[in-house]
Amino acid sequence: MKTSLKILTLVLLSTLMFSLTQDKPTKVIFFGDSITQAGVGPSGYITKMKETLEKQGIKDKYQLIGAGIGGNKVYDLYLRMEDDVLSQKPDVVVIYIGVNDVWHKSSMGTGTDADKFTGFYTAIIKKLQSQGIRVICCTPAVIGERNDNSNQQDGDLNHYSNIIRGLAAKFDCPLIDLRKEFQSYSLKNNPQNKDSGILTTDRVHLNDLGNQFVADLMLKAVVK
């Protein structure tokens, strides 16, 4: 009798644990700078992702969390990873960084050298993956929307994007190649070769169309 009761208890506990696991939404953290900080705003890309998930009837399957801070570079993400990401025990982390590492070289006299960028980015991926977290990498999109390679930081953005592409391949991370997608979009939709106003408000930060563009690309990588 006691043996039967123990078996029944184990079966019930297993069923309960399975049910809890099945009902638990996939927790996704978007880890980045001011673009991601704005992503949780009324028209931000994270908000738009939530709206799309709701339209698709699967909003309860995903918990989307923004962890963006304006001005952040890759080493800022490394320093706050424990408090802002790991403590929340996410299932997926989307790393969206690199613009300030390049932009601040000229705008503020700071920035991040390519070798240091590679080192910190690698450390972030390895730490997240060691916790069983699925890591998705994003290349930085634009600092200026001209499509003839005449934006001041085009060379550096291409270089840092190549670094991220290489790390994504090395560590088997899905890649959202925003750099490539934004360049392709500008070639098709920016015949006047404007500096901004296509997918950004100010050459860097996303306008409403840009937020939707990023949201659609993110969803393809996040939703499985």
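One can find the structure itself at the top, above this paragraph.
Residues numbered from 1 in each chain as written. Predicted model: local features only at pLDDT ≥ 70, side-chain atom pairs only at ≥ 80, totals over all residues. Heavy atoms only, no water.

(A) Structural detail: the pairing of strand S3 (residues 92–96). Counting buried positions along S3 gives 5 out of 5 residues, so the element sits mostly inside the fold. Taking every second residue as pointing to the same face, both faces of S3 are buried, with Val 92, Val 94 and Tyr 96 on one and Val 93 and Ile 95 on the other. Sheet topology places strand S1 (residues 26–32) next to S3; 5 bridges connect them, and they run parallel. Looking at S3, one finds that Ile 29 is bridged to Val 93. Across 5 bridges, S3 lies against strand S4 (residues 134–138) in parallel orientation. (Buried < 20%, exposed > 50% of the residue type's maximum accessible area, 1.4 Å probe, protein only. Helix = DSSP H or I, 4+ residues; strand = E, 2+ residues; numbered from the N terminus. Pairing = 2+ DSSP bridges.)

(B) Fine view of the pattern of salt bridges. Within the structure shown, the criterion is met by 8 salt bridges. The shortest N-O distance in the salt bridge between Lys 59 and Glu 54 comes to 3.7 Å. For the salt bridge of Asp 195 with Arg 203, the shortest nitrogen-to-oxygen distance reads 3.0 Å. Residue classification places Asp 195 among the partly exposed residues on the basis of a relative accessible area of 25%. The partly exposed category is assigned to Arg 203, whose relative accessible area is 21%. (Salt bridge = Lys/Arg side-chain N within 4 Å of Asp/Glu carboxyl O.)

(C) Structural detail: the sheet that holds strand S2 (residues 62–68). The strand order across the open sheet built from 5 strands is S2-S1-S3-S4-S5, with neighbouring strands paired in parallel fashion. Single-partner strands in this sheet number two, and they are S2 and strand S5 (175–176). Pairing between S1 and S2: 7 bridges, direction parallel. Looking across to S2, one finds that Thr 26 is bridged to Tyr 62. Across the sheet, helix H9 (residues 208–222) lies against S1, S2, S3, S4 and S5, angled at about 150° from S4, the strand it touches most. (Contact = heavy atoms within 4.5 Å. Axes fitted to C-alpha atoms, helices over the stretch in contact; angles between N-to-C directions.)

(D) Spatial organisation of the environment of Cys 137. Position of Cys 137 among the secondary structure elements: in strand S4. Of the residues examined, Cys 137 reaches a relative accessible area of 0% and is grouped as buried. Other than its neighbours up to four places away in sequence, Cys 137 contacts Ile 95, Tyr 121, Ile 125, Ile 164, Ala 168, Cys 173, Pro 174, Leu 175 and Ile 176.

(E) Geometry of the nonpolar core. Counting 63 residues, the largest nonpolar core has Phe 30, Tyr 45, Ile 95, Tyr 121, Leu 128 and Met 218 as the members making the most contacts within it. Ranked by the residues each element gives to this core, the list is headed by H9, at 8 residues. Those residues within four positions of Tyr 121 in sequence are excluded, and the remaining contacts are Val 74, Ile 95, Ile 97, Cys 137, Cys 138, Ile 164 and Leu 167. (Core = buried A, V, L, I, M, F, W, Y, C linked by side-chain atoms within 4.5 Å.)

(F) Quick peek at the packing of helix H7 (residues 154–170) against helix H8 (residues 178–189). Where H7 contacts H8, the axes come no closer than 10 Å and their chain directions differ by 135°. With respect to H8, the axis of H7 lies oblique. Residue-level contacts link Asp 154, Leu 157, Asn 158, Ser 161 and Arg 165 of H7 to Arg 179, Lys 180 and Gln 183 of H8. Of the residues assigned to the contact of H7 with H8, the class counts are 1 nonpolar, 3 polar and 4 charged. (Parallel < 35°, antiparallel > 145°, perpendicular 65-115°, else oblique. Nonpolar A, V, L, I, M, F, W, Y, C, P; charged D, E, K, R; others polar.)

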